[in-house]
Amino acid sequence: MLEPAYQVDVVIVGAGIAGLSAAHRLTSAGVTTAVLEAAPYAGGRMSTEKVDGFRLDRIGQLLSTSYPELRLTPGLDALAVRRFAPGVLLHRDGRAQRALPPAGGGGARGALHVVRALAGAPRGAAGTPGRTAAPVGGAVDQARLGAALGRIAATPVERILARPEMPAGQALAQRGVPARTIDGFLRPLLAALLCDPELSTSSRCADLALRAFASGRLCVPEGGAEMLPELLARGLPPGTVRTGVRVTSVSTTRVSTAEHGEIHCRAVLLATDARAAAELLPGLRVPDFHPVTVVHHTTDDPAAAFSAGTSLLLDADRGGPVAHTAVLSNVDPSRAPAGRVLISSTVLGPPPEGVDTAVRIHLSRLYGTSTRRWETLAVHHTPEAVPAMRPPHDLRRPVRLLAGLYVCGDHRDTSTVQGALHSAHRAASAILADLGAAGSMHTADPTPTLPRAA
């Protein structure tokens, strides 16, 4: 019988961060691996466009320094992140207030559950005559919220996952959180973290998002979102990642491609987005998605450069299309050429007609400065940017479909960078356990030769 033309232990379909991080774990264990990507570049949704010296993220998901997988994933030890100022800046009723994370941990009860303590604050408390109420209420509300976030930071993840599940907004209301705290702080914060301003996300996922916020600092990769997959790809053996290779079918022992024939293997890992995975394996669940639009502007106006500093600015009023915005060149100077300012703003849900004009009007109020002379660098709209996590949501959706066939990605875990990396960790562990080998099963074979990309 003829030997297969191409042979490798594991074929990974998809070169996003899930597929690349799984490849690192497999190759580190001595398992020969091929990563096939249909696009002309690796990275998937974590891509960065270069325009006149600017680095513009297409989706711009926020990271947290508390994400465990950023520390545990092989290949990411050299990842440099740029941190936002502690907490967030909330804009409401024409003024801004900083909401800080807790300085230290508390007890072992958790976020959405323990913040019911906020209900004890006087609901009719009025602000100073002639001034509007602060976005997160008065001093008592803020102290209780800080204590609650401190307790969630110390809560084990498995305890959070064991709690009753319902939509986050319903959970907050049932737990007695004052409406002013939900609308003034938790809704805009969770919208920024989960891309879900309606709080329809599973309360367990919202708990985890608040836990990450309370445990660390919000941050972005230095140089753009693409730096994370670029680091992963760079650390793999030469020839492991092949772009421009479109997979048409998969089984437990082979992968067929459109232009490059078949690759025989011992196992296949689908690491694509949910829709692409379901096209290759009909029957896989395809979730709903949250659309995201990111609008990038630049200006040489120093007022914009210093008005928000390095803060993430949230709109607690929902007074326009922008959910959150930042002077990103202040946070990460490498994203803009010298002497220029980069303002990146995120619109959640379907964008309005004339989105750039609507965003400019809104940003003028948020930053307190004219935006007429701002230059629009790019408008990136991604209809299926972030998988929705409505209840019931399985945060540990199986990654092993059967021996030899596996799937990973943020749609199998949480819709975050942490979730994508963690699902890849689980999938790689399952593959290694099923292969039952500490090293390559082709030790007597020559180095695997992959199809040449077009």
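Residue numbers restart at each chain and count upward from 1, following the sequence in its written direction. Thresholds applied to this predicted model are a pLDDT of at least 70 for local features of residues and 80 or more for the giving and counting of side-chain atom pairs; totals over whole chains, interfaces and linings are not thresholded and use all residues. Side-chain measures here rest on the full set of heavy atoms in the structure, leaving out hydrogens and waters.

Undergrad: Just to check I follow, could you spell out the overall build of the chain for this structure?
TA: Put simply, DSSP H or I for four residues or longer makes a helix, DSSP E for two residues or longer makes a strand, and each gets a number counted from the N terminus. Scanning the chain for helices and strands turns up 14 helices and 21 strands. A 1.4 Å probe rolled over the protein chains alone gives each residue an accessible area, and that area as a share of the maximum for its type sets the label: buried under 20%, exposed over 50%, partly exposed in between. For the chain, buried positions account for 55% of its 454 residues. Here, residues are in contact when the closest pair of their heavy atoms is within 4.5 Å. Partitioning the contacts of the chain with sequence separation of at least 6, the portion at a separation of at least 24 is 74%. Here, Shrake-Rupley sampling with a 1.4 Å probe gives the accessible areas, and only protein chains in the shown set may cover a residue. Carbon together with sulfur atoms contributes 53% to the accessible area of the chain, which is approximately 18,100 Å² in total.

Undergrad: How do you make sense of the pattern of salt bridges when you look at a structure like this?
TA: Side chains that differ in sign of charge can pair as their charged atoms come close. A side-chain nitrogen of Lys or Arg and a carboxyl oxygen of Asp or Glu constitute a salt bridge if their distance falls within 4 Å. In the structure shown here, the tally under the stated rule is 22 salt bridges. Residues D413 and R396 are paired through a salt bridge, measuring 3.4 Å at the closest nitrogen-oxygen approach. Within this pair, whereas D413 is found in the loop between β21 (405-407) and α14 (417-435), its partner R396 is found in the loop between β19 (375-387) and β20 (400-402), the two being separated by 17 residues in sequence. Owing to a relative accessible area of 3%, D413 belongs among the buried residues under this scheme. Classification of R396 as partly exposed rests on a relative accessible area of 29%.

Undergrad: How do you make sense of unusual backbone geometry when you look at a structure like this?
TA: As a rule of thumb, non-glycine residues mostly have phi less than zero, and peptide bonds are mostly trans rather than cis. Cis peptide bonds are those with omega within 30 degrees of zero, and the linkage from P391 to P392 qualifies with -5°. Looking at where P392 falls in the secondary structure, it is placed in the loop between β19 and β20. Positive phi, normally seen in glycine, also occurs at C195, with a value near 60°. With relative accessibility at 8%, the residue C195 sits in the buried group. Phi at R318 is positive, roughly 55°, even though this residue is not glycine. Along the polypeptide, R318 turns up in the loop between β16 (313-315) and β17 (322-327).

Undergrad: Would you mind showing me how to read the pairing of strand β2 (residues 33-37) here?
TA: Regular strands place their side chains on alternate faces of the sheet. By the criterion of burial, β2 is predominantly enclosed, with five of the five residues buried. Here β2 shows a buried face lined by T33, V35 and E37 and a second buried face lined by A34 and L36. The criterion for strand pairing is that DSSP finds at least two bridges linking the strands in question. Of the pairings in the sheet, the one linking strand β1 (residues 10-13) to β2 comprises four bridges and is parallel in character. Bridge pairing in β2 links V10 to T33.

Undergrad: Looking at this structure, I do not really get the sheet that holds strand β5 (residues 63-64). What am I missing?
TA: Strand pairing in a sheet relies on backbone hydrogen bonds. The paired strands run either parallel or antiparallel. With respect to topology, three strands assemble into an open sheet ordered β5-β9-β6, the strand pairing being antiparallel. The two strands at the open ends of the sheet, each matched to only one other strand, are β5 and β6 (81-83). Where β6 meets strand β9 (residues 218-221), three bridges bridge the pair, whose relative direction is antiparallel. Note on β9: the bridge partner recorded for V81 is P221.

Undergrad: So what exactly am I meant to see when it comes to the sheet that holds β17 here?
TA: The strand order across the open sheet built from seven strands is β8-β7-β16-β17-β18-β15-β19, with neighbouring strands paired in mixed fashion. In this open sheet, the two strands that pair with only one neighbour each are β8 (95-99) and β19. Each adjacent strand pair in this sheet contributes to an overall mean axis angle of 25°, direction not counted. In this fold helix α7 (residues 179-194) packs onto β7 (88-92), β8, β15 (289-299), β16, β17, β18 (341-348) and β19, with an angle of close to 125° to the strand it touches most, β7. Here an axis means a line fitted to C-alpha atoms, over the contact stretch when the element is a helix, while the angle between two N-to-C directions is reported on a 0 to 180 degree scale.

Undergrad: Please explain the pairing of strand β11 (residues 247-250) as it appears in this structure.
TA: Bridge count for β11 against strand β12 (residues 254-257) is three bridges, and the pairing is antiparallel. Among the inter-strand pairings, S249 is bridged to a residue of β12, identified as S256. Linking two consecutive strands that pair antiparallel, namely β11 and β12, is a turn of three residues.

Undergrad: Any chance you could explain α7 here in plain terms?
TA: Given 3.6 residues per turn, any residue in an α-helix points the same way as the ones three and four places further on. For α7, spanning 16 residues, the distance from its first C-alpha to its last is only 20 Å, which falls clearly below the expected 22 Å at 1.5 Å a residue. Here the bend at a residue is taken as the angle between two axes, fitted respectively to the seven residues that end there and the seven that start there. The principal kink in α7, of about 40°, is found at L186, preceding the proline P188 by one to four residues. With 13 of its 16 residues buried, α7 lies for the most part within the structure. Looking at the residues trailing α7, positive phi occurs at C195, about 60°. The span one expects for a helix is its residue count, reduced by one, times 1.5 Å.

Undergrad: What is the right way to read the confidence of the model for the chain from this model?
TA: Close reading of the predicted structure is inappropriate where its pLDDT is low. Per-residue confidence from the predictor is reported as pLDDT, a score between 0 and 100. In the predicted model, the chain carries a mean pLDDT of 87, and 85% of its residues have values of at least 70. Contacts from residues 438-454, a stretch scored under 50 in pLDDT, to residues over four places away or in other chains number 37 contacts.

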